[in-house]
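# A closer look at the structure
Take a look at the letters that make up each chain.
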Amino acid sequence: KQEVTQIPAALSVPEGENLVLNCSFTDSAIYNLQWFRQDPGKGLTSLLLIQSSQREQTSGRLNASLDKSSGRSTLYIAASQPGDSATYLCAVLDYKLSFGAGTTVTVRA
Amino acid sequence: SQTIHQWPATLVQPVGSPLSLECTVEGTSNPNLYWYRQAAGRGLQLLFYSVGIGQISSEVPQNLSASRPQDRQFILSSKKLLLSDSGFYLCAWSVPGLASSTDTQYFGPGTRLTVL
């Protein structure tokens, strides 16, 4: 059974600081890994999708890396802004999507 | 473009009452459809998925059931709600094909269910 863990559970940083969010998974036989953003009481927005053959994906200030052999992914958010405050979820796809519990980020103005 | 709708947005129900949550997708045909639950402080848990009308796979034994009466309609139901059914329910769709599609899943706005 796939287990997905996200550390830390919560993170508070001043505006402008870079964010580093970690995700680990137990079974490396995955098709892809996704990072999602969830605002309070809202659905999920897909941020980045990394196929199993890829090492990283970038979109604007976001960069996600994938080390499938070690079962790890890291989401980097450069120059954080208050609008980045949200919960970030990591999910891996084998025959289904398995989610971590998320990291709740607060960016202080 | 494709859109996904869920209703109601919030729901408060007494223990033992029935439940029906609805999800519809527009702009695509024969999508894969999914129901997830997010309990407080926990990650999303896949409850059901469907690759076609009348085809439902259950991931977790529970007090809930799902149905797909039409191609782009997915319904989550319960005959008698339990306190433990409280949570945030999300519907999602992905491109037609195998449930192990490498494409992303697109999520609806969710339904907040509180069972008292």
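Numbers given for residues are sequential positions, taken from 1 along each chain in its written order. Labels are handed out in written order, letters beginning with A for the chains and numbers beginning with 1 for the ligands. Two thresholds apply to this predicted model, a pLDDT of at least 70 for residue-level local features and 80 or more for giving and counting side-chain atom pairs, whereas whole-chain, interface and lining totals are computed over all residues. Side-chain numbers here rest on the full set of heavy atoms in the structure, without hydrogens or water.

This brings us to the pairing of strand S1 (residues 4-7) of chain A. All names here are of chain A. Only one face of S1 is buried: it carries Val4 and Gln6, and the other face, with Thr5 and Ile7, is open. Should DSSP find at least two bridges between two strands, the strands are regarded as paired. Working definition: helices are DSSP H or I runs of at least four residues, strands are E runs of at least two. Numbering for both runs from the N terminus. One ladder, built from four bridges, connects S1 with strand S3 (residues 19-25); its direction is antiparallel. Within S3, the residue paired with Thr5 across the bridge is Ser24. Remark: exposure states derive from per-residue accessible area (1.4 Å probe, protein chains only) relative to the maximum for the residue type, with buried under 20%, exposed over 50%, and partly exposed in between.

Residues and elements named next belong to chain A. Mapped onto the elements of the fold, Asp84 is located in the loop between strand S8 (72-77) and strand S9 (86-93). Owing to a relative accessible area of 7%, Asp84 belongs among the buried residues under this scheme. Only heavy atoms matter for contacts: two residues are in contact if any of them lie within 4.5 Å across the pair. Among all residues touching Asp84, those that are not within four sequence positions of it are Arg37, Arg61, Ile77, Ala79, Val105 and Val107.

A common measure of how large an interface is: the accessible area buried when the components associate. With 21 residues of chain A at the contact, the number on the chain B side is 21 residues. Each salt bridge in this description consists of a side-chain nitrogen of Lys or Arg and a carboxyl oxygen of Asp or Glu lying within 4 Å of one another. Seen at the junction of chain A and chain B, the total is zero salt bridges. Think of a polar contact as two N or O atoms within 3.5 Å of one another; within protein, one of them needs to be a possible hydrogen donor and the other a possible acceptor, and neighboring residues in sequence only count if both atoms come from side chains. Where chain A meets chain B, there are two residue pairs in polar contact (both at pLDDT 80 or more). Secondary structure elements with two or more residues in the side of chain A that touches chain B: strand S4 (32-38), strand S5 (44-51), S9 and strand S10 (97-99) of chain A.

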